[in-house]
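Each chain, written out:
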Amino acid sequence: MNLRAGDRVPEIAALLSVVSLAAVFGAVGGVIPASVLPRAPDAVVDAIPHVNAVLSTAALVTIPLAVRAVRRGRIRRHRALMTATLGLFAAFLVLYLYRITVRGTTAFGGPDAVYRFVYLPTLGIHVLLAIVCVPLLYYVALLAATRPIPELRGSLHPRVGRIAPALWFVPFLLGDALYVLLHVVSSGCAPLSRTAAPPPCGQSSAPALAPSPPPMTGRRPQRSLRSPLLSQRYSS
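The paragraphs below set out a description of the structure included in this document. (Residues numbered from 1 in each chain as written. Predicted model: local features only at pLDDT ≥ 70, side-chain atom pairs only at ≥ 80, totals over all residues. Heavy atoms only, no water.)

### Let's talk about the overall build of the chain
Test applied: Only DSSP runs of H or I covering at least 4 residues are called helices, and only runs of E covering at least 2 are called strands; the numbering of each starts at the N terminus. What makes two residues a contact is simply this: any of their non-hydrogen atoms within 4.5 Å. Computed by Shrake-Rupley with a 1.4 Å probe, the accessible areas treat only the displayed protein chains as cover when residues are assessed.
If you tally the helices and strands in the chain, you get six helices and two strands. Shown N-terminal to C-terminal, the secondary structure of the chain runs as helices and strands in the order α-α-α-β-α-α-α-β. Contacts spanning at least 24 positions in sequence make up 85% of the contacts within the chain whose residues lie at least 6 apart. Counting only carbon and sulfur atoms, one obtains 68% of the accessible surface of the chain, whose full area is about 12800 Å².

This is the structure in structure tokens:
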């Protein structure tokens, strides 16, 4: 029996979701060796979190515009905006996976209260929603790609599409928040290298000319961001 891709949308969406999430968590967990990828100049790698913040912010514009377009019956405009958002997401994900593979995760070195009561809850919600929205996004995107517009009205695309944009919007928004926390609130903290331990936030990695004073008591060590997708590092 000859089956088209459109007849296997749930299975394909599930497969793509597993592969995507496995790639993200594999990169975060250090499973993917940095040696398998070409090494870009440090300036390029350093710029990736900032580029990803721009990509995330652009998606925060295209998603509401796409929702407004479909509510007004402008289906082609809706499709174009959602396709643009998928492109932004794909570019973000590729850059995120590259940086985290070759450079490692980013440490949060800000105040302890911010770490406990702002950073960790934001990161947790960001990761959870990112995991939930990925299969929904693949599902609605595959439906739209394998069916003509008139057939979509009788499919699950309109119903799933009512919740998927919101679930997609929030991780992008929280990703920008994580970017601010990692690169503004705790700016100056270097990414955690897989080959050498980074210096404490604000200290130089150069050899000390004299013994360093003992660290202040009560200061927590740097924390490591373990986020997928969505993180800002929504790629940091």
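From this point, the discussion proceeds with the structure in view.
### A look at the packing of aromatic side chains
Geometrically, a pair of aromatic rings is defined through the distance of the ring centres and the angle of the planes. Counted only if it meets this: Stacked, tilted and edge-to-face are the three classes applied to pairs of Phe, Tyr and Trp rings, where Trp contributes its six-membered ring and a pair requires centres within 6.5 Å; stacked means planes under 30 degrees apart, edge-to-face means over 60, and tilted covers the rest. For the exposure calls, accessible area comes from a 1.4 Å probe over protein chains only, and a residue counts as buried if that area is under 20% of its type's maximum, exposed if over 50%, partly exposed in between.
In total, this model carries six aromatic pairs according to the counting rule given. For the pair Phe108 and Tyr115, a centre-to-centre distance of 6.0 Å together with 25 degrees between the ring planes defines the contact as stacked. Plain terms: the ring middles of Tyr115 and Tyr119 are 5.9 Å apart, the flat faces sit at 20 degrees to each other, and that makes the pair stacked. A residue pair is termed a helical-turn pair when its members lie 3 or 4 positions apart in one helix, as Tyr115 and Tyr119 do in helix α4 (residues 112-146) at four residues. Of the two residues examined, Tyr115 and Tyr119, each falls in the buried class. Feature note: the residues Phe89, Trp168 and Phe172 constitute an aromatic cluster, connected by ring pairs.

### Brief notes about a nonpolar patch on the surface
Stated precisely, the cut-off is as follows: Residues with no salt bridge and a relative accessible area higher than 30% make up the patches, which join like charges within 9 Å and nonpolar side chains (Val, Leu, Ile, Met, Phe, Trp, Tyr) within 5 Å. Any Lys or Arg side-chain nitrogen located within 4 Å of an Asp or Glu carboxyl oxygen qualifies as a salt bridge.
A cluster of nonpolar side chains, namely Val180, Val184 and Val185, defines an oily patch on the protein surface of about 220 Å² accessible area. Relative to the assigned elements, Val180 resides in helix α6 (residues 157-185).

### Thoughts on a positive patch on the surface
To be explicit about the condition: Residues scored as charged are limited to Lys and Arg (positive) and Asp and Glu (negative), so that His and the chain ends carry no count. Where a charge lies is defined by one atom per residue type: Lys uses NZ, Arg uses CZ, Asp uses CG and Glu uses CD.
On the surface, a cluster of positive charge is made up of Arg68, Arg72, Arg74 and Arg77. As for its placement among the helices and strands, Arg77 is situated in helix α3 (residues 75-103). Judged by its relative accessible area of 36%, Arg77 is partly exposed.

### What to know about the pattern of salt bridges
Enumeration over the complete set of coordinates arrives at five salt bridges. As a salt-bridge pair, Glu11 and Arg8 come within 3.3 Å of each other at their nearest N and O atoms. Where Arg39 meets Asp42, a salt bridge forms, and the shortest distance between an N and an O atom there is 3.6 Å. Each of the salt bridges in this network shares a partner with another, and the network as a whole consists of Arg39, Asp42, Asp46 and Arg103.

### What to know about the packing of helix α2 (residues 42-71) against α6
As a reminder, the rule being used: Structural elements are reduced to axes, namely lines fitted to C-alpha atoms, with helices fitted over the stretch in contact, and the angle between N-to-C directions of any two is expressed from 0 to 180 degrees. Any angle that falls under 35 degrees is termed roughly parallel, while one over 145 is termed roughly antiparallel, one within 65 to 115 roughly perpendicular, and all others oblique. The hand of a helix crossing depends on one turn: near helix anticlockwise from the far one by less than a right angle means left-handed, and clockwise means right-handed. Gly is put with the polar residues, along with every residue not named as nonpolar or charged; the nonpolar set is Ala, Val, Leu, Ile, Met, Phe, Trp, Tyr, Cys and Pro, and the charged set is Asp, Glu, Lys and Arg.
Axis separation between α2 and α6 bottoms out at 9 Å; the angle between their running directions is 155 degrees. Of the possible angle classes, the one that applies to α2 and α6 is roughly antiparallel. As for the relative orientation of α2 and α6, their crossing is left-handed in sense. Contacts between α2 and α6 involve Pro49, His50, Ala53, Ser56, Thr57, Ala59, Leu60, Ile63, Pro64 and Val67 from the first element and Pro165, Trp168, Phe169, Phe172, Leu173, Asp176, Tyr179 and His183 from the second. Split by residue class, the contact of α2 with α6 holds 13 nonpolar, four polar and one charged.

### Concerning α6
Applicable threshold: Under the convention used throughout, the expected extent of a helix is 1.5 Å for every residue step, that is, one less than its residue count. Consider a residue and the seven residues that end there alongside the seven that start there; fitting an axis to each set, the bend is the angle between those axes.
With 29 residues, α6 should cover 42 Å at 1.5 Å per step; its first-to-last C-alpha distance of 40 Å lies within 8% of that length. The largest bend in α6 comes to about 30 degrees, at Ile163, with the proline Pro165 one to four residues further on.

### Quick word on the nonpolar core
Convention followed: Note on terminology: a nonpolar core comprises buried Ala, Val, Leu, Ile, Met, Phe, Trp, Tyr and Cys residues joined through side-chain atoms within 4.5 Å.
In terms of nonpolar packing, the biggest core is built from 24 residues, with Val24, Tyr96, Leu97, Trp168 and Phe172 touching the most fellow members. Residue assignment for this core shows that the elements contributing at least two residues are α1 (9-28), α2, α3, α4 and α6. The leading source of residues in this core is α3, at nine residues.

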